[in-house]
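A structural walkthrough
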Amino acid sequence: MQVIRTIAWVVLTAVLVAFIAMNWTKVPVNFWPLADGNYFHFEWPVGVVALLFFGLGMLPVWAYLRAVRWRLNRRIASLENSLRATSMPSLAEAHEAVLVTPIETPSEIEKS
């Protein structure tokens, strides 16, 4: 399974590198309008801009899924603890289980 995961990551990396290499044309990215009518902008390659905003778009979904996973793990731990607490034997039952008859010694066996 680890080999398949590694191959998938290598293929994904190759596709992303090819995408950036094919879209290396620089374009202006306007961030904020200025008082003189121009914009505060940077010139970045199209591939980098596309991947950056793809990553920013994935960030809220990733955060939501991490929060759901955290909540479910807490719920599972709580349910496991409550199950462990209800299935533990009481102290009286535990003492009864410990009290066993002693094993007969060889001298007692010879007497009978």
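The residue numbers shown here count from 1 along each chain, following its written sequence. At least 70 in pLDDT is required for a residue's local features to be given in this predicted model, at least 80 for side-chain atom pairs to be given and counted, and no such filter applies to totals for whole chains, interfaces and linings, which use all residues. Note that water and hydrogens are dropped before the side-chain values are worked out from all heavy atoms of the structure.

To continue, consider the overall build of the chain. Secondary structure elements follow DSSP: runs of H or I no shorter than four residues count as helices, runs of E no shorter than two count as strands, and numbering proceeds from the N terminus. A tally of helices and strands in the chain yields four helices and two strands. Ordered by position from N to C terminus, the α and β elements of the chain give α-β-β-α-α-α. In the chain, which comprises 112 residues, the share counted as buried stands at 4%. Residues count as neighbours in contact if any of their non-hydrogen atoms are within 4.5 Å of one another. Long-range pairs, those at least 24 residues apart, make up 21% of the contacts in the chain with a sequence separation of at least 6. Per-residue and other accessible areas follow the Shrake-Rupley method at a 1.4 Å probe size, with only the shown protein chains counted as cover for residues. Summed over its atoms, the accessible surface of the chain is roughly 10400 Å², and 70% of this surface lies on carbon and sulfur atoms. Each residue is placed in one exposure class: buried if its accessible area under a 1.4 Å probe, protein chains only, is under 20% of its type's maximum, exposed if it is over 50%, and partly exposed if it falls in between.

Attention now moves to the pairing of strand β1 (residues 26–33). Inspection of the sheet shows β1 paired to strand β2 (residues 39–45) by seven bridges, in the antiparallel sense. The residue bridging P33 from the neighbouring strand is Y39, located in β2. Strand pairing is assigned whenever DSSP identifies at least 2 bridges connecting the two strands. Taken together, β1 and the strand that follows it, β2, pair antiparallel across an intervening segment of five residues, in which G37 is found at a positive phi of about 95°.

Turning our attention to the packing of aromatic side chains. What counts as a ring pair is set by centres within 6.5 Å for rings of Phe, Tyr and Trp (its six-membered ring), and what kind of pair is set by the plane angle: stacked under 30 degrees, edge-to-face over 60, tilted for all other angles. Counting across every chain of the model gives four aromatic pairs. On the numbers, 5.8 Å between centres and 10° between planes, the contact of F42 with W44 is stacked. Relative accessible area serves as the criterion here: at 26%, W44 is assigned to the partly exposed category.

Moving on, we come to the UniProt feature "transmembrane region" (unreviewed entry) in the chain. UniProt positions are given in the numbering used here, feature names are shortened, and annotations may be inferred rather than shown by experiment. Sites flagged by UniProt as "transmembrane region" (unreviewed entry) map to residues 7–24 and 44–65. Secondary structure within residues 7–24 divides into 89% helix and 0% strand; the distance between the first and last C-alpha atoms comes to 26 Å. For residues 44–65, helix accounts for 91% and strand for 9%, while the C-alpha atoms at its two ends are 31 Å apart.

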